[in-house]
Amino acid sequence: MADEALSAGAVARRLGVAVTTLRTWHQRYGLGPSAHVPGRHRRYTPADLVRLETMRRLTANGVAPAEAARWACQAPGTGPAGSGPRIRGPGVRDGGGATVPVGRAGPAARGLARAAMRLDSIAITEAISRAIRADGVVVTWDTLLRPVLVGLGERHAATSSLIAVEHLVSRCVSEAFAAVARTHAAVGPPRILLSCADEEQHSLPLEALGAALAEAGVAYRLLGARVPVRALLEAVGRTGPAAVVLWSHTRNTADPTQLTALLTGPHRPLLVLAAGPGWQADSLPAGVLRPVDLAEALSLAVAVRESLDESAAG
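So, how was this worked out
Residues numbered from 1 in each chain as written. Predicted model: local features only at pLDDT ≥ 70, side-chain atom pairs only at ≥ 80, totals over all residues. Heavy atoms only, no water. Helix = DSSP H or I, 4+ residues; strand = E, 2+ residues; numbered from the N terminus. Buried < 20%, exposed > 50% of the residue type's maximum accessible area, 1.4 Å probe, protein only. Contact = heavy atoms within 4.5 Å. Areas by Shrake-Rupley, 256 points an atom, 1.4 Å probe, with all protein chains shown as cover. Pairing = 2+ DSSP bridges. Axes fitted to C-alpha atoms, helices over the stretch in contact; angles between N-to-C directions. Expected span 1.5 Å × (residues − 1). Salt bridge = Lys/Arg side-chain N within 4 Å of Asp/Glu carboxyl O. Phe/Tyr/Trp six-rings, centres within 6.5 Å; stacked < 30°, edge-to-face > 60°. Core = buried A, V, L, I, M, F, W, Y, C linked by side-chain atoms within 4.5 Å. Domains from an automatic or database assignment. Left-handed = near helix turned anticlockwise from the far one by under 90°. Nonpolar A, V, L, I, M, F, W, Y, C, P; charged D, E, K, R; others polar. 1 Å grid on protein atoms, 1.4 Å probe; cavity = no way out; pocket = protein on both sides within 12 Å on 5 of 7 lines; lining within 4 Å. Points joined across faces, edges and corners; volume = space filled by probe spheres on them.

**Q** Describe the overall build of the chain, naming the residues involved and giving the relevant values.
**A** What the chain contains, in helices and strands, is 12 helices and five strands. Classification of the 314 residues of the chain by burial places 43% in the buried group. Restricting the contact set of the chain to residue pairs at least 6 apart, pairs at least 24 apart contribute 67%. When the accessible surface of the chain is totalled, it reaches about 15,900 Å², and 53% of it is carbon and sulfur.

Here it is in structure tokens:
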């Protein structure tokens, strides 16, 4: 193992960090070299390097050093890192202020939450874009964005604060989804119509669905927030969508008569989806489907497009 071990200078060059940074990580968090040869300085083993690479990547993504050290010590294929990370007492954070709760979400969500609390729009946008490139829209929404947005909502409900943080994060998310839609512009007429219910202002989940549809090559129209029933029916009449997704975030906006109007109108779509937690299954009109999550809504919408393509081919 001594032949494979590296000096602090060699590790610093590999990771692109300063030697003083390695010393700090060693002193504060126990992420030091574990190979020891009598009469020589300790050296970093391949397992040490894995831990340090994890530490570097997480801190670069905005994760607090103490939190990043915890994750680094759990990196696959590594054993105990010396004495382990020396984490400071409860409630002490390494810069960036307090963060928001993200449940069991991983370090990427924690890093995004910290960037949000710093109002760091560049870091927020980079984190979202990187996740979408790596995992796609649906996974990014479920594992990164939704936990952070829910955490912000919970913190706001408890403290009546963080309005600026919520607005900034929402704008960054919208811009990221719009970029996906531009990159994956679908060919053909939009046959999927996405709309918020009357007085419903939470449009990000619909924007997520739109971006996911774009990734799948499905053209769509997005009407956005607070669409009155009359305006929705006019849009359906003018565009003739095969499927309409109506989003409601709260019970206050989940009026089933909106769905009934779609089903009984002169231009009834082939498929009507009641999406969002506002809708109650026992109050939905017959013939309306209620997807449980973004993945199911995407699957249903894609199935409609594929059915239309098969009909046209036949």
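**Q** Explain the environment of Leu144 residue by residue, including any values.
**A** Within the secondary structure layout, Leu144 lies in helix H7 (residues 137-159). The buried category is assigned to Leu144, whose relative accessible area is 5%. In the structure, Leu144 is positioned 34 residues away from Arg110 in sequence and 8.7 Å away in space, judged by C-alpha atoms. Apart from the residues lying within four places of it in its own chain, the contact partners of Leu144 are Ala108, Ala109, Leu112, Ala127, Ile128, Ala131 and Val139.

**Q** Which residues make up unusual backbone geometry, and what are the values?
**A** Of note in the backbone geometry, Leu162 takes a positive phi value of approximately 70° without being a glycine. By the secondary structure assignment, Leu162 is in the loop between H7 and helix H8 (163-183). Assessed through its relative accessible area of 16%, Leu162 is described here as buried. In this structure, Arg226 is a non-glycine residue whose phi angle is positive, near 50°. Its place among the elements puts Arg226 in the loop between strand E2 (220-222) and helix H10 (229-239). We classify Arg226 as partly exposed; its relative accessible area is 44%.

**Q** Go over the sheet that holds strand E3 (residues 243-247), please, and point to the residues and values.
**A** Paired through their backbone hydrogen bonds, the strands of a sheet run either parallel or antiparallel. The parallel open sheet is built from five strands, whose spatial order is E2-E1-E3-E4-E5. Each end of this open sheet is capped by a strand with a single partner; those strands are E2 and strand E5 (288-289). Here strand E1 (residues 192-196) pairs with E3 via five bridges, running parallel. Within E3, the residue paired with Ser195 across the bridge is Leu246. Packed on one face of the sheet, helix H11 (residues 256-264) meets E3, strand E4 (271-275) and E5 and runs near 170° to E4.

**Q** Account for helix H6 (residues 121-135), naming residues and giving values.
**A** Across its 15 residues, H6 extends 21 Å between first and last C-alpha, which sits within 8% of the 21 Å expected from 1.5 Å per residue. Its buried side turned inward, H6 meets helix H5 (107-117), H7, H8 and helix H9 (204-215). Taken from the residues just after H6, Gly136 is the one with a positive phi, measuring 90°.

**Q** Help me get a handle on the pattern of salt bridges, residues and values and all.
**A** Evaluated as defined, the whole model comprises seven salt bridges. The salt bridge involving Glu199 is made with Arg226; its shortest N-O contact spans 2.8 Å. Separated by 27 residues along the polypeptide, Glu199 in the loop between E1 and H9 and Arg226 in the loop between E2 and H10 bring together distant segments of the chain. Taking relative accessible area as the criterion, Glu199 reaches 44% and is therefore assigned partly exposed.

**Q** I'd like a description of the pairing of E4, backed by residues and values.
**A** Of all five residues that make up E4, five are buried, and the element is covered over most of its length. Neither face of E4 is open: one carries Leu271, Leu273 and Ala275, the other Val272 and Ala274, and all of them are buried. Inspection of the sheet shows E3 paired to E4 by five bridges, in the parallel sense. Across the sheet, Val245 pairs through a bridge with Leu273, a residue of E4.

**Q** How would you summarise the packing of aromatic side chains if you had to cite specific residues and measurements?
**A** Here the structure, examined in full by the defined rule, presents one aromatic pair. Taken together, a centroid distance of 6.3 Å and an interplanar angle of 50° make the contact between Trp141 and Phe177 tilted. Of this pair, Trp141 sits in helix H7 while Phe177 sits in helix H8; the two residues are 36 residues apart in sequence, bridging distant segments of the chain.

**Q** Residue-level account of the nonpolar core, with values.
**A** Within the largest apolar cluster, 54 residues are counted, with the highest numbers of intra-cluster contacts made by Ile124, Phe177 and Leu213. Both domain 2 (107-182) and domain 3 (187-313) contribute no fewer than three residues apiece to this core. The contact partners of Ile124, leaving out residues within four places of it in the chain, are Leu112, Ala115, Ala116, Leu168, Val169 and Cys172. Membership of the second largest hydrophobic core comes to 21 residues, among which are Leu6, Leu15, Leu52 and Val63.

**Q** Explain the packing of helix H3 (residues 46-60) against helix H4 (residues 65-73) to me, using residue names and the numbers behind them.
**A** Interaxial distance between H3 and H4 falls to 8 Å at its minimum, and their mutual angle equals 145°. The element H3 and its partner H4 pack so that their crossing is right-handed. Along its contact with H3, which presents Arg51, Thr54, Met55, Leu58 and Thr59, the element H4 presents Pro65, Ala68, Ala69, Trp71, Ala72 and Cys73. Residue composition of the contact of H3 with H4, grouped by class: eight nonpolar, two polar and one charged.

**Q** Kindly report on the layout of surface pockets, identifying the contributing residues and their values.
**A** Computed from the structure, the largest pocket encloses a volume of approximately 830 Å³. Taken together, 31 residues form the lining of the largest pocket, with Trp141, Arg146, Pro205, Trp247 and His249 sitting closest to its centre. Those elements that provide at least two residues to the lining of the largest pocket are H7, H8, H9, E3 and helix H12 (294-313). By residue number, the principal contributor to the lining of the largest pocket is H7, which donates nine residues. Its residues assigned to classes, the lining of the largest pocket shows 17 nonpolar, eight polar and six charged. Counting contributing residues per domain, the lining of the largest pocket is built from domain 2 (107-182) and domain 3 (187-313), each supplying no fewer than three.

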